[in-house]
Amino acid sequence: MEYVNPEGIREDGRRPLEMRHLHAEIGTVARADGSAVFEMGNTKVIAAVYGPREVQNRSQQLNDQALVRCEYSMPNFSTGDRMRKPKGDRRSTEISLVIRQTMEACILTHLMPRSQIDIFVQVLSADGGTRSACINAATLALADAGIPMRDLVTSCSAGYLNSTPLLDLSYFEDSAGGPDVTVGILPKLDKVTLLQMDARLPIDIFENVVQLATEGCKAVANYIHEVLLENTKQLEYRRGL
Amino acid sequence: MGPMNDSSDLSSEMEVDAFRRLFPLRFHERHLLESIRPDGRPLGRARDTTLAFGAVASADGSALAKIGCTTMLAAIKMEVMTPTVESPNEGCIAVEFHMPPICSPTVRPGRPAEVAPVVSKQLSDTILRQVVMTFSGMIDLKDLSLVNGKAAWMAYLDIYCLDADGALFDTALLSAVAAFCHLKFPMVSLNDDGRVVVVSGESKGGKSGKEAVNKEQRKLNLISIPFSLTCTLHNNYILADPTAEEESIMETLVTVVLDSSLQLVSFYKPGGPVLAFTSAVMVSSDLQKAII
(Lines give C-alpha, C1' and ligand atoms only; values in the text may rest on other atoms or scores of the structure.)
Protein backbone atom coordinates (compact mmCIF):
# COMPACT_ATOMS: atom_id res chain seq x y z
CA MET A 1 0.00 0.00 0.00
CA GLU A 2 1.31 3.35 -0.90
CA TYR A 3 0.68 6.11 1.57
CA VAL A 4 3.06 8.62 0.08
CA ASN A 5 3.24 8.52 -3.67
CA PRO A 6 6.56 9.08 -5.45
CA GLU A 7 5.91 12.80 -5.85
CA GLY A 8 5.60 13.08 -2.10
CA ILE A 9 1.86 13.62 -1.86
CA ARG A 10 -0.22 11.76 0.69
CA GLU A 11 -3.52 10.07 0.24
CA ASP A 12 -5.56 13.17 1.04
CA GLY A 13 -3.39 15.54 -0.98
CA ARG A 14 -1.17 16.88 1.78
CA ARG A 15 2.59 17.00 1.93
CA PRO A 16 4.27 14.85 4.60
CA LEU A 17 4.95 17.80 6.90
CA GLU A 18 1.60 19.47 6.44
CA MET A 19 -1.10 19.54 9.11
CA ARG A 20 -4.79 19.36 8.41
CA HIS A 21 -6.95 22.42 8.46
CA LEU A 22 -7.63 23.66 12.01
CA HIS A 23 -10.79 25.34 13.15
CA ALA A 24 -11.86 26.21 16.68
CA GLU A 25 -14.84 27.92 18.28
CA ILE A 26 -15.31 28.94 21.88
CA GLY A 27 -18.47 29.13 23.91
CA THR A 28 -20.64 26.73 21.96
CA VAL A 29 -22.41 25.07 24.90
CA ALA A 30 -24.33 27.80 26.66
CA ARG A 31 -24.97 25.84 29.85
CA ALA A 32 -21.35 24.95 30.48
CA ASP A 33 -18.87 27.18 32.29
CA GLY A 34 -16.50 26.79 29.38
CA SER A 35 -16.82 25.01 26.09
CA ALA A 36 -15.10 24.70 22.75
CA VAL A 37 -15.33 22.90 19.45
CA PHE A 38 -12.06 21.89 17.84
CA GLU A 39 -11.67 20.54 14.31
CA MET A 40 -8.56 18.98 12.79
CA GLY A 41 -9.52 18.14 9.24
CA ASN A 42 -12.53 15.84 9.49
CA THR A 43 -12.07 15.09 13.18
CA LYS A 44 -14.50 17.23 15.13
CA VAL A 45 -14.59 17.27 18.91
CA ILE A 46 -16.69 19.26 21.38
CA ALA A 47 -15.46 19.82 24.94
CA ALA A 48 -17.33 21.26 27.90
CA VAL A 49 -15.93 22.21 31.29
CA TYR A 50 -18.04 22.45 34.44
CA GLY A 51 -16.32 23.86 37.45
CA PRO A 52 -14.94 24.61 39.84
CA ARG A 53 -18.00 23.33 41.62
CA GLU A 54 -18.87 21.30 44.66
CA VAL A 55 -17.56 17.76 44.78
CA GLN A 56 -20.36 15.35 44.01
CA ASN A 57 -18.84 12.40 45.77
CA ARG A 58 -17.78 13.52 49.22
CA SER A 59 -15.47 10.59 49.75
CA GLN A 60 -13.29 11.66 46.85
CA GLN A 61 -12.88 15.22 48.04
CA LEU A 62 -9.29 16.41 48.29
CA ASN A 63 -8.62 18.94 51.00
CA ASP A 64 -5.70 20.71 49.40
CA GLN A 65 -6.45 20.68 45.70
CA ALA A 66 -9.20 20.42 43.14
CA LEU A 67 -10.39 17.10 41.79
CA VAL A 68 -10.21 16.84 38.02
CA ARG A 69 -12.53 14.42 36.25
CA CYS A 70 -12.66 13.71 32.59
CA GLU A 71 -14.96 11.68 30.40
CA TYR A 72 -14.43 10.88 26.75
CA SER A 73 -17.24 9.48 24.66
CA MET A 74 -17.87 8.81 21.02
CA PRO A 75 -21.41 8.68 19.74
CA ASN A 76 -22.55 5.63 17.85
CA PHE A 77 -22.32 7.28 14.48
CA SER A 78 -18.92 8.92 14.68
CA THR A 79 -16.95 6.10 13.09
CA GLY A 80 -17.65 4.11 9.95
CA ASP A 81 -19.61 1.25 11.48
CA ARG A 82 -22.04 1.88 14.23
CA MET A 83 -20.42 1.21 17.58
CA ARG A 84 -22.27 -0.80 20.15
CA LYS A 85 -20.82 0.49 23.42
CA PRO A 86 -19.78 4.07 23.06
CA LYS A 87 -18.72 4.76 26.61
CA GLY A 88 -17.63 1.93 28.82
CA ASP A 89 -15.21 0.26 26.46
CA ARG A 90 -11.50 0.12 27.16
CA ARG A 91 -10.34 2.63 24.59
CA SER A 92 -12.67 5.32 25.90
CA THR A 93 -11.61 4.68 29.48
CA GLU A 94 -7.95 4.84 28.52
CA ILE A 95 -8.33 8.07 26.62
CA SER A 96 -10.34 9.58 29.48
CA LEU A 97 -7.50 8.78 31.84
CA VAL A 98 -4.89 10.18 29.46
CA ILE A 99 -6.74 13.45 29.03
CA ARG A 100 -7.36 13.80 32.73
CA GLN A 101 -3.74 13.31 33.66
CA THR A 102 -2.56 15.63 30.93
CA MET A 103 -4.87 18.44 31.99
CA GLU A 104 -4.21 17.85 35.68
CA ALA A 105 -0.56 18.57 35.08
CA CYS A 106 -1.26 22.06 33.88
CA ILE A 107 -4.25 23.19 35.97
CA LEU A 108 -3.25 25.01 39.14
CA THR A 109 -5.30 22.70 41.32
CA HIS A 110 -3.93 23.96 44.62
CA LEU A 111 -5.79 27.23 44.10
CA MET A 112 -9.16 25.53 44.32
CA PRO A 113 -9.20 23.03 47.17
CA ARG A 114 -12.24 20.93 47.95
CA SER A 115 -13.75 21.54 44.54
CA GLN A 116 -14.22 19.59 41.35
CA ILE A 117 -13.52 20.39 37.74
CA ASP A 118 -15.29 18.25 35.16
CA ILE A 119 -14.05 18.01 31.61
CA PHE A 120 -16.42 16.26 29.19
CA VAL A 121 -15.26 15.55 25.69
CA GLN A 122 -17.55 14.29 22.97
CA VAL A 123 -16.29 13.24 19.56
CA LEU A 124 -18.71 14.31 16.85
CA SER A 125 -16.75 12.95 13.91
CA ALA A 126 -13.67 10.77 14.02
CA ASP A 127 -11.00 10.74 11.33
CA GLY A 128 -7.76 10.01 13.17
CA GLY A 129 -6.04 12.11 15.81
CA THR A 130 -9.04 12.18 18.14
CA ARG A 131 -6.82 12.11 21.20
CA SER A 132 -4.99 15.26 20.09
CA ALA A 133 -8.16 17.05 19.07
CA CYS A 134 -9.68 16.23 22.47
CA ILE A 135 -6.74 17.68 24.37
CA ASN A 136 -6.76 20.85 22.25
CA ALA A 137 -10.48 21.25 22.71
CA ALA A 138 -10.16 20.69 26.47
CA THR A 139 -7.47 23.37 26.67
CA LEU A 140 -9.70 25.87 24.91
CA ALA A 141 -12.69 24.97 27.07
CA LEU A 142 -10.64 25.39 30.27
CA ALA A 143 -9.43 28.77 29.04
CA ASP A 144 -13.02 29.76 28.26
CA ALA A 145 -14.08 28.74 31.77
CA GLY A 146 -11.38 30.93 33.26
CA ILE A 147 -9.69 28.12 35.18
CA PRO A 148 -6.12 29.04 36.14
CA MET A 149 -3.53 27.03 34.26
CA ARG A 150 0.25 27.01 34.05
CA ASP A 151 0.19 27.05 30.28
CA LEU A 152 -1.91 25.79 27.39
CA VAL A 153 -1.58 22.13 26.49
CA THR A 154 -1.47 21.40 22.81
CA SER A 155 -1.17 18.05 21.16
CA CYS A 156 -0.49 16.61 17.77
CA SER A 157 0.21 13.20 16.29
CA ALA A 158 2.84 12.02 13.85
CA GLY A 159 3.76 8.75 12.20
CA TYR A 160 6.26 7.07 9.95
CA LEU A 161 5.11 5.33 6.77
CA ASN A 162 6.90 4.51 3.51
CA SER A 163 10.15 5.72 5.15
CA THR A 164 8.74 9.21 5.56
CA PRO A 165 7.80 10.94 8.80
CA LEU A 166 4.22 12.17 8.45
CA LEU A 167 2.50 14.85 10.51
CA ASP A 168 -1.09 14.62 11.74
CA LEU A 169 -2.27 11.19 10.65
CA SER A 170 -5.73 10.66 9.32
CA TYR A 171 -7.72 7.52 10.07
CA PHE A 172 -6.63 5.88 6.84
CA GLU A 173 -2.95 6.40 7.61
CA ASP A 174 -3.41 5.47 11.23
CA SER A 175 -4.98 2.14 10.37
CA ALA A 176 -1.99 1.26 8.18
CA GLY A 177 -0.29 -0.36 11.16
CA GLY A 178 2.71 1.92 11.27
CA PRO A 179 3.88 3.74 14.39
CA ASP A 180 1.63 6.47 15.75
CA VAL A 181 3.22 9.00 18.10
CA THR A 182 1.04 11.43 20.03
CA VAL A 183 2.80 14.30 21.78
CA GLY A 184 1.34 16.85 24.18
CA ILE A 185 3.41 19.85 25.21
CA LEU A 186 3.20 23.04 27.21
CA PRO A 187 4.39 25.39 24.47
CA LYS A 188 5.65 28.39 26.47
CA LEU A 189 7.41 26.31 29.09
CA ASP A 190 8.61 23.92 26.38
CA LYS A 191 7.84 20.83 28.42
CA VAL A 192 6.42 17.54 27.32
CA THR A 193 3.45 16.24 29.29
CA LEU A 194 2.13 13.48 27.05
CA LEU A 195 4.05 11.08 24.87
CA GLN A 196 2.50 7.90 23.58
CA MET A 197 3.62 5.58 20.87
CA ASP A 198 2.64 2.17 19.63
CA ALA A 199 4.42 -0.16 17.17
CA ARG A 200 8.17 -0.35 16.71
CA LEU A 201 10.48 2.40 15.66
CA PRO A 202 14.30 2.72 15.66
CA ILE A 203 15.59 5.30 18.15
CA ASP A 204 16.96 7.86 15.71
CA ILE A 205 13.81 7.88 13.61
CA PHE A 206 11.81 8.11 16.81
CA GLU A 207 13.60 11.32 17.71
CA ASN A 208 12.80 12.76 14.30
CA VAL A 209 9.15 11.87 14.55
CA VAL A 210 8.83 13.30 18.06
CA GLN A 211 10.51 16.49 16.91
CA LEU A 212 8.03 16.68 14.05
CA ALA A 213 5.07 16.19 16.34
CA THR A 214 6.40 18.87 18.70
CA GLU A 215 6.59 21.31 15.79
CA GLY A 216 3.01 20.44 15.00
CA CYS A 217 2.02 21.14 18.61
CA LYS A 218 3.66 24.56 18.43
CA ALA A 219 1.69 25.36 15.28
CA VAL A 220 -1.52 24.36 17.06
CA ALA A 221 -0.49 26.53 20.02
CA ASN A 222 -0.12 29.55 17.73
CA TYR A 223 -3.56 28.95 16.32
CA ILE A 224 -5.11 28.55 19.77
CA HIS A 225 -3.46 31.80 20.88
CA GLU A 226 -5.04 33.62 17.96
CA VAL A 227 -8.45 32.16 18.70
CA LEU A 228 -8.26 33.12 22.38
CA LEU A 229 -7.07 36.63 21.53
CA GLU A 230 -9.94 37.08 19.11
CA ASN A 231 -12.39 35.81 21.72
CA THR A 232 -11.06 38.25 24.33
CA LYS A 233 -11.43 41.12 21.88
CA GLN A 234 -15.04 40.11 21.29
CA LEU A 235 -15.70 40.01 25.03
CA GLU A 236 -14.15 43.44 25.47
CA TYR A 237 -16.23 44.79 22.66
CA ARG A 238 -19.43 43.40 24.12
CA ARG A 239 -18.67 44.75 27.57
CA GLY A 240 -18.10 48.16 26.08
CA LEU A 241 -14.52 48.53 27.24
CA MET B 1 -28.94 36.75 28.69
CA GLY B 2 -28.82 40.01 30.68
CA PRO B 3 -31.52 40.28 33.30
CA MET B 4 -33.68 43.40 33.23
CA ASN B 5 -32.54 46.05 35.66
CA ASP B 6 -34.31 49.27 36.40
CA SER B 7 -31.28 51.44 37.07
CA SER B 8 -27.84 51.18 35.58
CA ASP B 9 -26.29 51.12 39.03
CA LEU B 10 -23.72 48.36 39.48
CA SER B 11 -24.93 47.53 42.95
CA SER B 12 -28.50 47.08 41.76
CA GLU B 13 -27.32 44.82 38.93
CA MET B 14 -25.63 42.54 41.44
CA GLU B 15 -28.82 42.40 43.39
CA VAL B 16 -30.84 41.35 40.37
CA ASP B 17 -28.51 38.43 39.72
CA ALA B 18 -28.65 37.36 43.34
CA PHE B 19 -32.42 37.81 43.38
CA ARG B 20 -32.68 35.59 40.35
CA ARG B 21 -30.70 32.86 42.05
CA LEU B 22 -32.27 33.05 45.48
CA PHE B 23 -35.90 33.65 44.63
CA PRO B 24 -36.38 32.36 41.09
CA LEU B 25 -40.13 32.04 41.36
CA ARG B 26 -40.66 35.65 42.42
CA PHE B 27 -38.18 36.82 39.83
CA HIS B 28 -40.16 35.16 37.06
CA GLU B 29 -43.51 36.24 38.46
CA ARG B 30 -42.40 39.86 38.44
CA HIS B 31 -41.72 39.42 34.74
CA LEU B 32 -45.00 37.67 34.07
CA LEU B 33 -46.91 40.60 35.53
CA GLU B 34 -45.52 42.69 32.69
CA SER B 35 -46.27 39.90 30.18
CA ILE B 36 -42.66 39.39 29.33
CA ARG B 37 -39.98 36.84 30.13
CA PRO B 38 -36.42 37.31 31.38
CA ASP B 39 -34.90 36.92 27.95
CA GLY B 40 -37.21 39.52 26.47
CA ARG B 41 -39.70 37.29 24.72
CA PRO B 42 -43.45 37.79 24.95
CA LEU B 43 -45.28 34.91 26.58
CA GLY B 44 -46.34 33.17 23.42
CA ARG B 45 -43.18 33.42 21.36
CA ALA B 46 -40.84 30.51 20.79
CA ARG B 47 -37.10 30.93 20.50
CA ASP B 48 -35.21 31.15 17.24
CA THR B 49 -34.92 27.79 15.56
CA THR B 50 -32.15 26.73 13.22
CA LEU B 51 -31.71 23.50 11.34
CA ALA B 52 -28.70 22.12 9.50
CA PHE B 53 -28.76 18.99 7.36
CA GLY B 54 -25.89 16.60 6.91
CA ALA B 55 -24.04 17.53 10.08
CA VAL B 56 -22.41 14.11 10.33
CA ALA B 57 -20.69 13.09 7.14
CA SER B 58 -20.28 9.43 8.03
CA ALA B 59 -23.98 8.79 8.69
CA ASP B 60 -26.61 8.01 6.09
CA GLY B 61 -28.79 10.86 7.26
CA SER B 62 -28.14 13.49 9.88
CA ALA B 63 -29.27 16.86 11.13
CA LEU B 64 -28.42 19.40 13.81
CA ALA B 65 -31.34 21.29 15.34
CA LYS B 66 -31.16 24.27 17.66
CA ILE B 67 -34.06 25.92 19.47
CA GLY B 68 -32.51 28.87 21.30
CA CYS B 69 -29.56 27.28 23.05
CA THR B 70 -30.88 23.72 23.13
CA THR B 71 -28.86 21.73 20.61
CA MET B 72 -29.53 18.21 19.35
CA LEU B 73 -27.58 16.17 16.87
CA ALA B 74 -29.44 13.31 15.19
CA ALA B 75 -27.85 10.71 12.95
CA ILE B 76 -29.23 7.64 11.21
CA LYS B 77 -27.26 4.59 10.24
CA MET B 78 -28.79 1.85 8.12
CA GLU B 79 -28.01 -1.81 8.38
CA VAL B 80 -29.45 -4.82 6.61
CA MET B 81 -31.25 -7.37 8.72
CA THR B 82 -33.68 -10.26 8.30
CA PRO B 83 -37.25 -9.26 9.07
CA THR B 84 -39.37 -11.01 11.66
CA VAL B 85 -41.72 -13.81 10.80
CA GLU B 86 -44.84 -11.87 11.77
CA SER B 87 -44.09 -8.97 9.44
CA PRO B 88 -41.84 -10.15 6.64
CA ASN B 89 -42.23 -7.06 4.54
CA GLU B 90 -41.47 -4.46 7.14
CA GLY B 91 -38.22 -2.94 8.31
CA CYS B 92 -37.40 -1.65 11.75
CA ILE B 93 -36.42 1.62 13.38
CA ALA B 94 -34.54 1.82 16.67
CA VAL B 95 -34.67 5.21 18.38
CA GLU B 96 -32.14 6.08 21.08
CA PHE B 97 -31.86 9.36 22.90
CA HIS B 98 -28.66 10.16 24.78
CA MET B 99 -27.92 12.97 27.16
CA PRO B 100 -24.15 13.05 27.61
CA PRO B 101 -22.85 14.96 30.64
CA ILE B 102 -21.72 17.90 28.53
CA CYS B 103 -25.24 19.07 27.98
CA SER B 104 -26.12 20.20 31.47
CA PRO B 105 -24.48 20.72 34.84
CA THR B 106 -27.05 18.44 36.45
CA VAL B 107 -26.13 15.35 34.45
CA ARG B 108 -23.45 13.23 36.06
CA PRO B 109 -21.33 10.70 34.19
CA GLY B 110 -22.37 7.17 34.97
CA ARG B 111 -25.88 8.21 35.90
CA PRO B 112 -28.22 8.92 32.99
CA ALA B 113 -30.43 11.98 33.34
CA GLU B 114 -33.93 11.51 34.66
CA VAL B 115 -35.61 13.01 31.64
CA ALA B 116 -33.63 11.03 29.08
CA PRO B 117 -35.74 7.83 29.04
CA VAL B 118 -38.92 9.92 29.14
CA VAL B 119 -37.98 11.87 26.04
CA SER B 120 -36.75 8.67 24.43
CA LYS B 121 -40.10 6.97 24.93
CA GLN B 122 -42.03 10.00 23.70
CA LEU B 123 -39.89 10.10 20.58
CA SER B 124 -40.30 6.47 19.69
CA ASP B 125 -44.04 6.71 20.26
CA THR B 126 -44.32 9.65 17.92
CA ILE B 127 -42.13 8.27 15.17
CA LEU B 128 -43.22 4.66 15.23
CA ARG B 129 -46.86 5.15 15.88
CA GLN B 130 -48.84 2.35 14.33
CA VAL B 131 -52.47 3.17 13.93
CA VAL B 132 -54.68 0.44 12.59
CA MET B 133 -57.21 2.47 10.59
CA THR B 134 -56.59 5.07 7.96
CA PHE B 135 -53.41 6.99 8.59
CA SER B 136 -50.24 5.58 10.08
CA GLY B 137 -47.21 7.19 11.65
CA MET B 138 -44.54 9.25 10.03
CA ILE B 139 -42.86 6.40 8.24
CA ASP B 140 -44.38 3.35 6.65
CA LEU B 141 -42.25 0.43 7.74
CA LYS B 142 -43.00 -1.31 4.47
CA ASP B 143 -40.84 1.35 2.82
CA LEU B 144 -37.89 -0.12 4.62
CA SER B 145 -38.22 -3.55 3.13
CA LEU B 146 -35.73 -4.84 0.58
CA VAL B 147 -36.58 -8.42 -0.28
CA ASN B 148 -39.81 -9.74 1.08
CA GLY B 149 -39.08 -12.15 3.89
CA LYS B 150 -35.33 -12.13 3.39
CA ALA B 151 -33.85 -8.68 3.89
CA ALA B 152 -35.01 -5.37 5.28
CA TRP B 153 -33.48 -2.17 6.52
CA MET B 154 -32.80 -1.53 10.16
CA ALA B 155 -32.51 2.18 10.82
CA TYR B 156 -30.65 3.18 13.97
CA LEU B 157 -31.58 6.71 14.95
CA ASP B 158 -29.29 8.19 17.59
CA ILE B 159 -30.01 11.59 19.02
CA TYR B 160 -27.42 13.29 21.15
CA CYS B 161 -28.22 16.30 23.24
CA LEU B 162 -25.29 18.71 23.15
CA ASP B 163 -26.84 21.49 25.21
CA ALA B 164 -29.96 21.19 27.37
CA ASP B 165 -31.77 24.49 27.78
CA GLY B 166 -35.43 23.50 27.93
CA ALA B 167 -37.82 22.15 25.31
CA LEU B 168 -35.82 18.96 24.87
CA PHE B 169 -38.56 16.97 23.21
CA ASP B 170 -39.28 19.68 20.63
CA THR B 171 -35.70 19.94 19.53
CA ALA B 172 -35.20 16.19 19.53
CA LEU B 173 -38.26 15.64 17.38
CA LEU B 174 -37.19 18.38 15.00
CA SER B 175 -33.73 16.92 14.58
CA ALA B 176 -35.11 13.40 14.13
CA VAL B 177 -37.56 14.50 11.45
CA ALA B 178 -34.85 16.47 9.69
CA ALA B 179 -32.48 13.52 9.78
CA PHE B 180 -35.14 11.34 8.19
CA CYS B 181 -35.73 13.96 5.53
CA HIS B 182 -32.03 13.97 4.77
CA LEU B 183 -31.72 10.18 4.76
CA LYS B 184 -30.50 8.47 1.61
CA PHE B 185 -30.54 4.72 1.36
CA PRO B 186 -27.07 3.23 0.93
CA MET B 187 -26.40 1.08 -2.09
CA VAL B 188 -26.73 -2.67 -1.70
CA SER B 189 -25.71 -5.60 -3.76
CA LEU B 190 -26.17 -9.32 -3.68
CA ASN B 191 -23.34 -11.26 -2.12
CA ASP B 192 -22.06 -14.58 -3.43
CA ASP B 193 -23.95 -16.40 -0.69
CA GLY B 194 -27.14 -14.77 -1.86
CA ARG B 195 -27.13 -12.33 1.06
CA VAL B 196 -27.70 -8.65 0.67
CA VAL B 197 -24.76 -6.53 1.78
CA VAL B 198 -24.13 -2.82 1.87
CA VAL B 199 -21.72 -1.49 -0.72
CA SER B 200 -19.57 1.36 0.47
CA GLY B 201 -19.18 4.39 -1.74
CA GLU B 202 -15.52 3.91 -2.67
CA SER B 203 -14.44 1.03 -4.81
CA LYS B 204 -10.74 0.58 -4.18
CA GLY B 205 -9.61 -2.67 -5.75
CA GLY B 206 -13.26 -3.64 -6.11
CA LYS B 207 -14.22 -7.25 -6.16
CA SER B 208 -15.67 -8.32 -9.45
CA GLY B 209 -19.27 -9.26 -9.83
CA LYS B 210 -20.58 -6.89 -7.19
CA GLU B 211 -22.98 -4.53 -8.77
CA ALA B 212 -25.23 -2.30 -6.78
CA VAL B 213 -28.83 -3.32 -7.02
CA ASN B 214 -30.25 0.11 -6.43
CA LYS B 215 -27.79 2.49 -8.00
CA GLU B 216 -29.87 5.60 -7.53
CA GLN B 217 -29.94 6.31 -3.83
CA ARG B 218 -33.53 6.94 -3.08
CA LYS B 219 -34.86 8.93 -0.19
CA LEU B 220 -37.32 7.87 2.43
CA ASN B 221 -40.93 8.82 1.93
CA LEU B 222 -42.42 10.62 4.94
CA ILE B 223 -46.16 10.44 5.19
CA SER B 224 -46.81 13.25 7.60
CA ILE B 225 -44.29 15.35 9.45
CA PRO B 226 -44.98 15.92 13.13
CA PHE B 227 -44.23 19.20 14.88
CA SER B 228 -44.33 19.70 18.58
CA LEU B 229 -44.49 22.53 21.06
CA THR B 230 -43.89 22.44 24.77
CA CYS B 231 -45.53 24.94 27.06
CA THR B 232 -45.42 25.42 30.79
CA LEU B 233 -48.41 26.51 32.81
CA HIS B 234 -48.08 28.69 35.83
CA ASN B 235 -51.10 30.12 37.66
CA ASN B 236 -52.99 31.38 34.65
CA TYR B 237 -50.11 32.06 32.35
CA ILE B 238 -49.12 29.83 29.47
CA LEU B 239 -45.49 30.16 28.48
CA ALA B 240 -44.42 28.73 25.17
CA ASP B 241 -41.02 27.12 24.68
CA PRO B 242 -39.58 27.33 28.20
CA THR B 243 -35.90 27.54 28.96
CA ALA B 244 -34.34 25.18 31.48
CA GLU B 245 -34.64 27.77 34.22
CA GLU B 246 -38.36 28.25 33.58
CA GLU B 247 -38.93 24.51 33.36
CA SER B 248 -37.33 23.90 36.71
CA ILE B 249 -39.57 26.28 38.64
CA MET B 250 -42.89 25.90 36.87
CA GLU B 251 -44.86 22.88 37.93
CA THR B 252 -46.66 21.77 34.82
CA LEU B 253 -45.45 20.96 31.35
CA VAL B 254 -47.65 20.33 28.33
CA THR B 255 -46.44 19.02 25.00
CA VAL B 256 -48.64 19.08 21.94
CA VAL B 257 -47.68 17.35 18.70
CA LEU B 258 -49.44 18.21 15.45
CA ASP B 259 -48.75 16.80 12.03
CA SER B 260 -48.57 18.59 8.72
CA SER B 261 -52.30 18.27 8.11
CA LEU B 262 -52.89 20.06 11.41
CA GLN B 263 -54.29 17.01 13.09
CA LEU B 264 -53.51 16.33 16.70
CA VAL B 265 -50.99 13.54 16.99
CA SER B 266 -50.31 13.51 20.69
CA PHE B 267 -50.96 15.49 23.81
CA TYR B 268 -48.75 14.95 26.80
CA LYS B 269 -49.25 16.35 30.25
CA PRO B 270 -47.39 14.40 32.90
CA GLY B 271 -49.14 15.32 36.13
CA GLY B 272 -49.19 18.70 37.79
CA PRO B 273 -52.12 20.91 38.77
CA VAL B 274 -55.24 20.55 36.68
CA LEU B 275 -56.18 23.43 34.42
CA ALA B 276 -58.87 24.44 31.94
CA PHE B 277 -58.45 21.78 29.30
CA THR B 278 -59.88 23.47 26.23
CA SER B 279 -58.04 26.73 26.64
CA ALA B 280 -54.71 24.96 26.87
CA VAL B 281 -55.28 22.97 23.71
CA MET B 282 -56.48 26.02 21.81
CA VAL B 283 -53.54 28.15 22.78
CA SER B 284 -51.05 25.41 22.04
CA SER B 285 -52.53 24.71 18.64
CA ASP B 286 -52.49 28.38 17.74
CA LEU B 287 -48.88 28.67 18.76
CA GLN B 288 -48.06 25.54 16.81
CA LYS B 289 -49.64 26.86 13.66
CA ALA B 290 -47.69 30.04 14.04
CA ILE B 291 -44.49 28.05 14.19
CA ILE B 292 -45.27 25.85 11.21
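Quantities reported herein were computed from a predicted structural model and do not represent experimental measurements.

Within chain A, the secondary structure is distributed over four helices and nine strands. Secondary structure elements of chain A, listed N to C terminal, follow the sequence β-β-β-β-α-β-α-β-β-α-β-β-α. Here the C-alpha radius of gyration of chain A, 18 Å, is about what a compact globule of 241 residues would show, namely 18 Å. Its C-alpha atoms give chain A principal-axis dimensions of about 55 × 45 × 35 Å. Taking all 241 residues of chain A together, the buried fraction comes to 53%. Pairs at least 24 apart in sequence give 67% of the contacts found in chain A among residues at least 6 apart. Carbon together with sulfur atoms contributes 48% to the accessible area of chain A, which is approximately 11,400 Å² in total.

Residues and elements named next belong to chain A. Counting through the fold element by element, alanine 221 comes out in helix α4 (residues 203–239). Measuring from C-alpha to C-alpha, the distance between alanine 221 and isoleucine 185 comes to 9.3 Å, with 36 residues separating the pair along the chain. In contact with alanine 221, not counting residues within four places along its chain, are Thr154 and Pro187.

Each regular strand carries side chains that alternate between the two faces of the sheet. Inspection of the sheet shows strand β9 (residues 226–234) of chain B paired to strand β10 (residues 237–240) of chain B by four bridges, in the antiparallel sense. Residue B:Cys231 lies in a different strand from β10(B), and its bridge partner there is B:Ala240.

The next point concerns the sheet that holds strand β2 (residues 34–40) of chain A. Picture the strands of a sheet paired through backbone hydrogen bonds; they go either parallel or antiparallel. All names here are of chain A. Spatial ordering of the open sheet is given by β1-β2-β3-β5-β4, a layout of five strands whose pairing is mixed. At either margin of the open sheet sits one strand with a lone partner, and together these are β1 (22–26) and β4 (67–73). Along the sheet, successive strands turn relative to each other by an average axial angle of 15°, direction set aside. Sheet topology note: the β1/β2 ladder contains five bridges and is antiparallel. Looking at the pairing, leucine 22 lines up with methionine 40 of β2. Across the face of the sheet, helix α1 (residues 90–106) comes into contact with β4 and β5 (115–125) while running at roughly 145° to β4. In the packing of helix α2 (residues 130–145) onto the sheet, contacts are made with β1, β2, β3 (43–54), β4 and β5, and the angle to β2 comes to roughly 150°.

This next bit is on the confidence of the model for chain B. Residue and element names in this part refer to chain B. Chain-level statistics for chain B give a pLDDT mean of 74 and a share of 74% at 70 or above. The spread of mean pLDDT over the elements of chain B runs between helix α6 (residues 277–291), the lowest at 58, and strand β2 (residues 61–67), the highest at 89. Segment residues 1–10: pLDDT under 50, and 13 contacts once partners within four positions in sequence are set aside and those in other chains are kept.

Cut-offs used in this document
- Residues numbered from 1 in each chain as written.
- Chains lettered and ligands numbered in written order.
- Predicted model: local features only at pLDDT ≥ 70, side-chain atom pairs only at ≥ 80, totals over all residues.
- Heavy atoms only, no water.
- Helix = DSSP H or I, 4+ residues; strand = E, 2+ residues; numbered from the N terminus.
- Rg over C-alpha atoms; globule rule 2.2 N^0.38 Å.
- Buried < 20%, exposed > 50% of the residue type's maximum accessible area, 1.4 Å probe, protein only.
- Contact = heavy atoms within 4.5 Å.
- Areas by Shrake-Rupley, 256 points an atom, 1.4 Å probe, with all protein chains shown as cover.
- Pairing = 2+ DSSP bridges.
- Axes fitted to C-alpha atoms, helices over the stretch in contact; angles between N-to-C directions.
- pLDDT = per-residue confidence, 0-100.

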